[in-house]
Amino acid sequence: MVINTIHWFRKGLRLHDNPSLKESLLGADTVRCVYILDPWFAGSSNVGINRWRFLLQSLEDLDSSLRKLNSRLFVIRGQPTDVFPRLFKEWKINRLSYEYDSEPFGKERDAAIKKLASEAGVEVTVCISHTLYDLDKIIELNGGQSPLTYKRFQTLISRMDAVEVPAESITAEIMGKCSTPLSEDHDDKFGVPSLEELGFDTEGLSSAVWPGGETEALTRLERHLERKAWVANFERPRMNANSLLASPTGLSPYLRFGCLSCRLFYFKLTDLYRKVKKNSSPPLSLYGQLLWREFFYTAATNNPCFDKMESNPICVQIPWDRNPEALAKWAEGRSGFPWIDAIMTQLRQEGWIHHLARHAVACFLTRGDLWISWEEGMKVFEELLLDADWSVNAGSWMWLSCSSFFQQFFHCYCPVGFGRRTDPNGDYIRRYLPILRGFPAKYIYDPWNAPESVQKAAKCIIGVHYPKPMVHHAEASRINIERMKQIYQQLSCYRGLGLLATVPSNSNGNGNSSGNANGDVSSDVMGFTVEATHDAAARSGYQMPVHSQGDWQSGVMMYLQGDPQAHIATHQQAPGYAGTSTSMMCYSQGTQEMTGSAIPKGPEHHSTTQISGKRNSEDSGNTKASKVQRQSSH
Amino acid sequence: CDSFIHSEAVEASESPDSNWARLPQELLLHIFQYLPLLDRAYASQVCRGWNQAFHMPELWRCFEFELNQPASSYLKATHPDLIKQIIKRHSNHLQYVSFKVDSSTESAEAACDILSQLVNCSLKTLGLISTARPSFMEVPKSHFISALTVVFVNSKSLSSLKIDDTPVDDPSLKVLVANNSDTLKLLKMSSCPHVSPAGILCVADQCHGLRELALNYHLLSDELLLALSSEKHVHLEHLRIDVVSENPGQHFHTIKKSSWDAMVRHSPKFNLVMYFFLYEDEFGPFFNDEIPVTHLYFGRSVSKEVLGRVGLHCPRLVELVVCANGLRPLDEELIRIAKHCTQLSAIGLGECEVSCSAFVEFVKMCGRRLSQLSIMEEVLIPDHKYSLDEIHWEVSKHLGRVWFPDMMPTW
């Protein structure tokens, strides 16, 4: 029987460590590598030009690599559900392969395609190669739930089987007798489109700081390892002024698009470590960047609401302010804080910023200063950040806004001091905000404090040429820390005076809940299971405890004057009186309510203990449809 | 058997005198107390008896008004019809009331409108809570004051009052004192710019049952501390002071050591919680003398020198949180704190630097009493003695439990 196969590229834009493609080629007579792109979606999507350019460059690179194997890439315009039935017929396909996608919308899209394939008698091959591990196995090891702390995740990882070695690269040898039927008009019909074709205005577009593609990725990987070998230091590099700039050894966008295999990176790091450190076994911290990514993929894989506050069982419900003007100032680099504005400018221009710079702007937008929802920040990053992945982007934003993962919220980055510590001279500011070039280092992080004479000499009057700071940081942080404290006190039922203890059982397993400080030094005590026994919040995401009123006491319980009835009465304001009902009753899912998936979708249930995870197949709708499109188109 | 139960159930529900309808009111009340408001409302439509139960005073003692505008909040608001109904039928039952308002002035004004209608109720607790920006500050002061004094005048037994970030002023506090001096136990009024030190002193002089107080440093005076330590006054349990700088270089007054001593003598167990939001050069007047602070929070960068003084002058310190410090490691300061602050059981360090050796030494000195130890990974500087991987073992050993530094995602 003749075997005609299609390999469907989505992420995983590479020929090295591409196990599903490799398996697809086995015994096949013809292969067509396709990428499906919805041109209508391109113009209207949330994804910015830098990300599209990176994608198109990666596709070009893939196409040129395939040419060397006498094949080509087929870029198909349309939507997967329309495209595949047509292709199956037209090309007489009986095999389809693609890389496993762990994200909820990807899984849903793939399930639909799998169904279409089986209806058409097409055999489907799926392999995991975007993550180091089979995420479902991690979850299984954790008793069926995604770990909620990074420490717990590390513990689980250390118990997992070794990471699978990367699959052999696709070469002429592996292609074997498998050929790609090509037509004369391939470029017209299946060529990689240009940015202009997708409706982007490219006039004045500067060249890419991060060129897309597997070839570039592999070059960078070599450079990355060379540099690591040279410094022979495997600890996390300390941040300095230089680390703020795009580095030719940076890999994150390449991992995001799968131009670089995380497993290849993993094994190269391991080899290098063994070589340099004389065969001692590498610590988990060596793989920090990869493991964080893995952690967020694991946290998100069964949670379709991972990118939202509402209905997201692991997200603390915080009464963020809705303020489009302030949001725009932040997003467009007009906050009046040079440190914040320089970072946002770099992000917009180049598509990448250092992870501590991400922390700085994320903290500023959310719990630090502006008190604006992390979802808004996440959307801006989704547009601009090359390595923004649905899971990692949402997860990091939740993390940095202290909306999940049991984070201490006092770690608040100062929009003046943090930058000054990192780059005391202010060169980074001058590079991205030329208007401030004339300011001396002393004032470059807080130019509004510069005397008028200094502003004049710098040819930049604050309030005229560069905005005044949009918030009073000290005042904002005073108010915000109080808000966070209130919210976390509700969550943890903590009534003491301490600030640190308000965070319910954080990853340190600190003895804040009774019976925890028992000197238990098993590594399990760190993690989820043990936390769960202490803390309901850990067990089922963030739930609001029954007390609600009186939580504005930072100190002892409210003075209820010995009225027993009142005690009970406080209970009725408990969570869960949410409901989408339009009746006269209030729909409150405010500060008082920390439930997650639990937030009832209808009047039929008001349990607050339900753990989400399994997706709700009937809760579809337009929003999701467009999400599916989005996932498929880059 | 199944069918038997089934038929019985059908019978029961069909019978006009069904068991449910005959449920005693007390039982029904008990059940209703555990039901969310919305479910109670649904239940109230079942029958007359349940409808009566819905309106029982016991169920309306405690209420939280949520006032949000769609333009400024993601959260839904308490429905206006419900508010009307509460004011009409249940305002005399309300005892524990809080208002949660979003950042819009409109919401804060709506809260004031409700407050001014609470004429025939006697509140025991009242909380005005801004969930985003302090919006009560934007309400015309006279409107706010008149609404608030309605409650003060009509509720003669207020015990807890939380009015942070509001335009409350001295005359309105006088009204509070005139009507509620016997019952007031808790007063939180951080960042109320219209109150003067004399205004708060009047409260302390008259309200002898006051146990908890939160205010800004500019209201703190020696006289206030002495008033709170007078013989007539109950033991204070909790004093929270916010020290906030309005503009750089602001000058702050000092509090005499003798006043603090008087406080400690009168209320030996009281907690003094201080939050500092100052520029580094504004710390001059602080920590030069012994101060009975128990919980200390530095929201902005604080110098090594000031932390050194903290180590010398805060013998009652229980919790210390330092959000940021300069570039020089805090080694000696931490050791000094470990040595002198023998009650210290919680510490958090954000943007600071400490050498691993000094940190281990600090933990060793404090030992197992450190129940909260939240240190950012970046804070710890590896040295010849300990690498980052080694330090968590070493620290865990001294703490007697597994410990790791706090981590931020490498994105």
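Please read these numbers as outputs of a predicted model, since none were measured by experiment.

Our next topic: the overall build of chain A. Secondary structure assignment for chain A yields 27 helices and five strands. Burial status across chain A gives 63% buried among its 634 residues. A separation of at least 24 residues holds for 76% of the contacts in chain A among residues at least 6 apart in sequence. When the accessible surface of chain A is summed, it comes to about 22800 Å², and 53% of that surface belongs to carbon and sulfur atoms.

We now examine the overall build of chain B. Looking only at helices and strands, chain B features 15 helices and 14 strands. Seen along its three principal axes, the alpha-carbon backbone of chain B occupies a region of about 85 × 65 × 45 Å. Residues counted as buried form 62% of the 411 residues belonging to chain B. Long-range contacts, defined here as pairs at least 24 residues apart, represent 71% of the contacts in chain B between residues at least 6 apart. As displayed, chain B has an accessible area near 15900 Å², and 54% of this comes from carbon and sulfur atoms. Taking the average place of the 37 positive charges on the side chains of chain B and the average place of its 50 negative ones, the gap between the two points comes to 6 Å.

Residue and element names in this part refer to chain A. The domain boundaries assigned to chain A delineate domain 1 (215-301) and domain 2 (324-474). Counting residues at the interface gives 19 residues for domain 1 and 25 residues for domain 2. Taken over both partners, the interface formed by domain 1 and domain 2 buries close to 1900 Å², and the fraction arising from carbon and sulfur atoms is 72%. There are one salt bridge connecting domain 1 and domain 2. The partner of R256 in a salt bridge is D389, and the shortest N-O contact between them spans 3.4 Å. Taken together, domain 1 and domain 2 are joined by seven residue pairs in polar contact (both at pLDDT 80 or more). At the level of secondary structure, the elements contributing two or more residues to the side of domain 1 that touches domain 2 comprise α11 (252-257) and α13 (288-300). It is α13 that provides the largest number of residues to the side of domain 1 that touches domain 2, a total of seven residues.

Residues and elements named next belong to chain A. Tallying each qualifying case throughout the model produces 60 aromatic pairs over all chains. Residues W8 and Y98 carry aromatic rings whose centres are separated by 5.5 Å and whose planes lie at 80° to one another, so their mutual orientation is edge-to-face. Residue W8 is found in strand β1 (residues 4-9), and its partner Y98 is found in strand β4 (residues 95-99); the two are separated by 90 residues along the sequence. For Y98, a relative accessible area of 2% corresponds to the buried category. Following the ring pairs from residue to residue traces out a cluster consisting of Y150, F153, W292, F295, F296, W399 and F405. Lying over the aromatic face of W8, R10 brings its terminal NZ or CZ to 4.5 Å of the ring centre.

Further remarks concern the UniProt feature "binding site: FAD" (unreviewed entry) in chain A. Residue and element names in this part refer to chain A. Annotation from UniProt places "binding site: FAD" (unreviewed entry) at Q289, L290, L291, W292, R293, E294, F295, F296, D387, A388 and D389. Beyond its immediate sequence surroundings of up to four residues, L290 is in contact with L132, L255, C262, F265 and Y266. By the element assignment, E294 lies in helix α13. A relative accessible area of 0% means that E294 is categorised as buried. In this structure, E294 is in contact with T131, L132, Y133, L135 and F153, ignoring residues within four places of it in sequence. Separated by 2.9 Å, the side chain of E294 and the backbone nitrogen of L132 make a polar contact.

Another aspect to go through is the environment of H251(B). All names here are of chain B. Following the sequence through the fold, H251 ends up in the loop between β7 (238-244) and α11 (257-266). The exposed category is assigned to H251, whose relative accessible area is 71%. For the pair H251 and G284, spaced 33 residues apart in sequence, the C-alpha to C-alpha distance is 8.6 Å.

All names here are of chain A. Taken together, the five strands give an open sheet; going across it, the order is β3-β2-β1-β4-β5, and neighbouring strands pair in parallel fashion. At either margin of the open sheet sits one strand with a lone partner, and together these are β3 (73-77) and β5 (123-127). Ignoring strand direction, the axes of neighbouring strands in this sheet form an average angle of 30°. When β1 meets strand β2 (residues 30-37), the two strands line up parallel, connected through six bridges.

Take the sheet that holds strand β5 (residues 186-188) of chain B next. Residues and elements named next belong to chain B. One open sheet holds the 12 strands; their spatial order is β1-β2-β3-β4-β5-β6-β7-β8-β9-β10-β11-β13, and the pairing between them is parallel. Each edge of the sheet is formed by a strand with only one pairing partner; in this case those strands are β1 (62-67) and β13 (372-375). Averaged over all neighbouring strand pairs, the angle between strand axes comes to 10°, with direction disregarded. Both strand β6 (residues 212-216) and β7 contribute to a ladder of five bridges, which runs parallel. Directly across from E212, in β7, lies its bridge partner H238.

With that settled, consider the nonpolar core. W330(A), L126(B), L296(B), F298(B) and F359(B) are the most contacted members of the largest nonpolar core, which totals 289 residues. Residue contributions to this core reach at least three from each of two domains, namely domain 1 (215-301) and domain 2 (324-474) of chain A. Once residues lying within four places of it in the same chain are set aside, the contact partners of L296(B) are M274(B), F276(B), F287(B), V310(B), C314(B), L317(B), E319(B), L320(B) and V321(B).

The subject of this paragraph is the pattern of salt bridges. When charged atoms on two side chains of opposite charge get close, those side chains can pair. Inspection of the entire model under this criterion finds 42 salt bridges over all chains. Of the charged contacts, one joins E64(B) and K100(B) as a salt bridge, the two residues approaching to 3.8 Å between their closest N and O atoms. Here E64(B) is found in strand β1, whereas its partner K100(B) is found in strand β2 (residues 96-101), with 36 residues between them in sequence. Note on E64(B): relative accessible area 1%, which makes it buried. Within the structure, one salt-bridge network assembled from shared partners comprises E475(A), R478(A), E482(A), D165(B), R240(B) and D242(B).

Residue and element names in this part refer to chain A. Positive phi outside glycine occurs at C402, with the angle close to 55°. Note that C402 resides in the loop between α18 (390-400) and α19 (417-422). Classification of C402 by relative accessible area gives buried; the value is 1%. In this structure, F406 is a non-glycine residue whose phi angle is positive, near 55°. Secondary-structure assignment places F406 in the loop between α18 and α19. A relative accessible area of 1% means that F406 is categorised as buried.

A few words on the side chain of E319(B). In this fold, E319(B) is placed in strand β10 (residues 319-324). Within the buried set, E319(B) has no salt-bridge partner at all; the shortest N-O distance to an opposite charge, 7.4 Å, is to K485(A). Those residues in contact with E319(B) that sit more than four places away from it in its chain are G498(A), L499(A), L500(A), A501(A), T294(B), H295(B), L296(B), L344(B) and A346(B).

Here the focus is the confidence of the model for chain A. For chain A, the average pLDDT comes to 81, and 79% of its residues sit at 70 or higher. In this model residues 506-634 of chain A is a low-confidence stretch, pLDDT under 50, and it forms 369 contacts with partners more than four residues away in sequence or in other chains.

Attention now goes to the state of the cysteines. As enumerated under the stated definition, the model contains zero disulfides over all chains in all. As a non-bridged cysteine, C414(A) has C412(A) as the owner of its nearest cysteine sulfur, 8.8 Å distant. Residue C414(A) is classed as buried on the basis of its relative accessible area, which comes to 15%. Cysteine C341(B) shares no disulfide, and the gap to the nearest cysteine sulfur, in C314(B), comes to 6.0 Å. Using a relative accessible area of 0% as the deciding quantity, one classes C341(B) as buried.

In this fold, H473(A) is placed in helix α23 (residues 473-492). Filtering out sequence-adjacent residues up to four positions away, H473(A) remains in contact with F337(A), D369(A), Y413(A), C414(A), P415(A) and R300(B).

This next bit is on the packing of helix α8 (residues 170-180) of chain B against helix α9 (residues 197-206) of chain B. Residue and element names in this part refer to chain B. Contact geometry for α8 and α9: axes closest at 9 Å, N-to-C directions at 10°. Between α8 and α9, the angle falls in the class roughly parallel. Contacts from D170, L173, K174 and V177 in α8 reach G199, C202, V203 and Q206 in α9. Tallied by class, residues from the contact of α8 with α9 come to four nonpolar, two polar and two charged.

All names here are of chain B. The end-to-end C-alpha distance of helix α15 (residues 388-399), which contains 12 residues, comes to 17 Å, matching closely the 16 Å that a straight helix rising 1.5 Å per residue would cover. Looking at the buried residues of α15, the elements they touch are α14 (356-366), β13 and β14 (380-381). Just beyond α15, the residue with positive phi is G400, at close to 75°.

Parameters at a glance
- Residues numbered from 1 in each chain as written.
- Chains lettered and ligands numbered in written order.
- Predicted model: local features only at pLDDT ≥ 70, side-chain atom pairs only at ≥ 80, totals over all residues.
- Heavy atoms only, no water.
- Helix = DSSP H or I, 4+ residues; strand = E, 2+ residues; numbered from the N terminus.
- Buried < 20%, exposed > 50% of the residue type's maximum accessible area, 1.4 Å probe, protein only.
- Contact = heavy atoms within 4.5 Å.
- Areas by Shrake-Rupley, 256 points an atom, 1.4 Å probe, with all protein chains shown as cover.
- Lys, Arg positive; Asp, Glu negative; His and termini not counted.
- Charge placed at Lys NZ, Arg CZ, Asp CG, Glu CD.
- Domains from an automatic or database assignment.
- Buried area = accessible area lost by both parts, 1.4 Å probe.
- Salt bridge = Lys/Arg side-chain N within 4 Å of Asp/Glu carboxyl O.
- Polar contact = N/O pair within 3.5 Å; in protein donor to acceptor, adjacent residues only side chain to side chain.
- Phe/Tyr/Trp six-rings, centres within 6.5 Å; stacked < 30°, edge-to-face > 60°.
- Lys NZ or Arg CZ within 6 Å of the ring centre and 35° of its normal.
- UniProt positions renumbered as here; feature names shortened; annotations may be inferred.
- Pairing = 2+ DSSP bridges.
- Axes fitted to C-alpha atoms, helices over the stretch in contact; angles between N-to-C directions.
- Core = buried A, V, L, I, M, F, W, Y, C linked by side-chain atoms within 4.5 Å.
- pLDDT = per-residue confidence, 0-100.
- Disulfide = S-S within 2.5 Å.
- Parallel < 35°, antiparallel > 145°, perpendicular 65-115°, else oblique.
- Nonpolar A, V, L, I, M, F, W, Y, C, P; charged D, E, K, R; others polar.
- Expected span 1.5 Å × (residues − 1).

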